[in-house]
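# A look at the structure
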Amino acid sequence: MNLFGQKNKKINFREWAHPVKYYIIGWFFAFIFFYVMRQAGALGVEQSRFRLFHFFFFLFVFSLLTGTIFGSLHYFFERYRLRKMPLWKVMIRLCVDQLLVIFFLTVVYYFALTMLELNQLNFLKFIGSPSTIIYYFYAFMVNSMLSLLLEIGKLLGRGNFYKLVAGNFYTPKEEYRIFMFVDLNSSTTIAEKLGHFAYSSFLKDCFYDLAIVHDYNAGIYQYVGDEAVLTWERSKIKNILDCVDAFWAFNDELEKRSAYYQNKYGIVPEFKTGMSIGMVTVVEIGYIKKEIAYHGNTLNTASRIESLCNFYKEKFLISKKMYDEITKQNSRYIFKRIAETQLRGKHGLTEIYSINRPFEIDVASS
């Protein structure tokens, strides 16, 4: 297993920490449940029944160890394998590696029991005993369930799974949110040049690179064709410039990988974006397929603003309301009032501003 043999790949510790914390918490409760069931009469290793002090020792040590290992395994497979292998191959490899790790942890558990003089069996009898096989099976099932729940959480958007279970979205509620529509430039031309199969692969690569926006607390609301919709809950971000930084970080990521795109597709992708802020309604919709949906004028405004980027030859346009929010903080960006125009489908005029970085202004002017 060569998880660490990737070149030119930096570990994103923030992204790594998310599955690690998730697995640590999951295994913490899994160990408690197993201990309670054992004490209630389920089969266990009779010779290793230990006092409450020993239980808490093993609980904290093995929760940290198991959660860190399996969380890291999940992170590395997603980051380095899922992009290069079909999902079914990734799942098989992941299952095999999980079984190997479980065996390793079982060996560690055996030596820990032996050092604490809580085990009387020799190594081969311990590994082959029915009770150890039950542990092995239980660990694999717990880990599979945690992996499944983690993937379901990603389908719904980070943090939304728990809110959905708690019924937070059962009835409509209002939230003050920022929305950013990120759209591929010249999408029709690119699609015609590449063909639908290669074009789908091209978009997959682009949106894989879009994952960098998680470093800036962005949630990805949905993908619509060649467009992605990002969102932030205003009360949960201390620095509103994170929203601006997220787009430019994505832009820089595409530039870093320009050689890859040029070699594979003959095209380097460029994206434009529109952003606005305001009150929206969030609600759980659907019966056969459930979805967390946002409704409101804010989304329409951001979408209409993004559609004007080509007309005004700008990469990044925002509403006046968003401009007012950003300029409350010290900004290293350059803003320019572009126009006061009537957006399609909206009454009244909307003031629009562009956002650029200083060095890009210098390049354009030269």
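This is a predicted model, so every value here is computed, not measured.

## A word on the overall build of the protein
When its secondary structure is counted, the protein shows 14 helices and eight strands. Of all 366 residues assigned to the protein, the portion counted as buried reaches 47%. Counted over contacts in the protein with a minimum sequence separation of 6, partners at least 24 positions apart contribute 72%. Accessible area for the protein stands at about 20,200 Å²; split by element, carbon and sulfur atoms hold 62% of it.

## Comments concerning the environment of S354
Of note, S354 is situated in strand β8 (residues 350-356). In the structure, S354 is positioned 38 residues away from F316 in sequence and 5.6 Å away in space, judged by C-alpha atoms. Among residues more than four places away in sequence, those in contact with S354 are E314, F316, L317, I334, F335, K336 and I338.

## Thoughts on the packing of aromatic side chains
Tallied over the entire structure, the rule returns 21 aromatic pairs. Seen from their ring centres, Y221 and Y294 are 5.0 Å apart, and the 85° between their planes marks the pair as edge-to-face. Of the two residues, Y221 sits in strand β2 (residues 219-224) while Y294 sits in strand β5 (residues 291-295), which places them 73 residues apart along the sequence. An aromatic cluster is built from F202, Y260, Y261 and Y265, whose rings are joined through pairwise contacts.

## Details of unusual backbone geometry
Positioned with a positive phi, N217 is a non-glycine residue whose angle comes to about 65°. Tracing the sequence through the fold places N217 in the loop between α8 (196-209) and β2. Non-glycine residue K313 carries a positive phi angle of around 55°. Secondary-structure assignment places K313 in the loop between α12 (309-312) and β6 (316-319).

## What about a nonpolar patch on the surface?
Nonpolar side chains collect at one region of the surface, where I92, V96 and L100 lie side by side and expose about 280 Å² of accessible area between them. Tracing the backbone shows L100 in helix α3 (residues 87-115). Exposure remark for L100: the relative accessible area of 55% places this residue in the exposed category.

## As for the pairing of β8
With seven of seven residues buried, β8 lies mostly within the body of the structure. Burial along β8 is two-sided: T350, I352, S354 and N356 and E351, Y353 and I355, pointing in opposite directions, are all buried. By the bridge criterion, three bridges tie β6 to β8 in an arrangement that is antiparallel. Each residue of the ladder has a partner; that of L317, found in β8, is S354. Bridge analysis of strand β7 (residues 334-341) against β8 gives seven bridges, and the strand direction is antiparallel. Looking across to β8, one finds that K336 is bridged to S354.

## Some words on the pattern of salt bridges
Within this structure, the stated rule accounts for 13 salt bridges. The shortest N-O distance in the salt bridge between R177 and E175 comes to 2.6 Å. Across the pair, exposure class does not vary: R177 and E175 are buried alike. In this structure, the salt-bridge partner of K236 is E233, at a minimum N-O distance of 3.6 Å. Relative accessible area serves as the criterion here: at 56%, K236 is assigned to the exposed category.

About the thresholds
Residues numbered from 1 in each chain as written. Predicted model: local features only at pLDDT ≥ 70, side-chain atom pairs only at ≥ 80, totals over all residues. Heavy atoms only, no water. Helix = DSSP H or I, 4+ residues; strand = E, 2+ residues; numbered from the N terminus. Buried < 20%, exposed > 50% of the residue type's maximum accessible area, 1.4 Å probe, protein only. Contact = heavy atoms within 4.5 Å. Areas by Shrake-Rupley, 256 points an atom, 1.4 Å probe, with all protein chains shown as cover. Phe/Tyr/Trp six-rings, centres within 6.5 Å; stacked < 30°, edge-to-face > 60°. Patch = residues over 30% accessible without salt bridge, like charges linked within 9 Å, V, L, I, M, F, W, Y side chains within 5 Å. Salt bridge = Lys/Arg side-chain N within 4 Å of Asp/Glu carboxyl O. Pairing = 2+ DSSP bridges.

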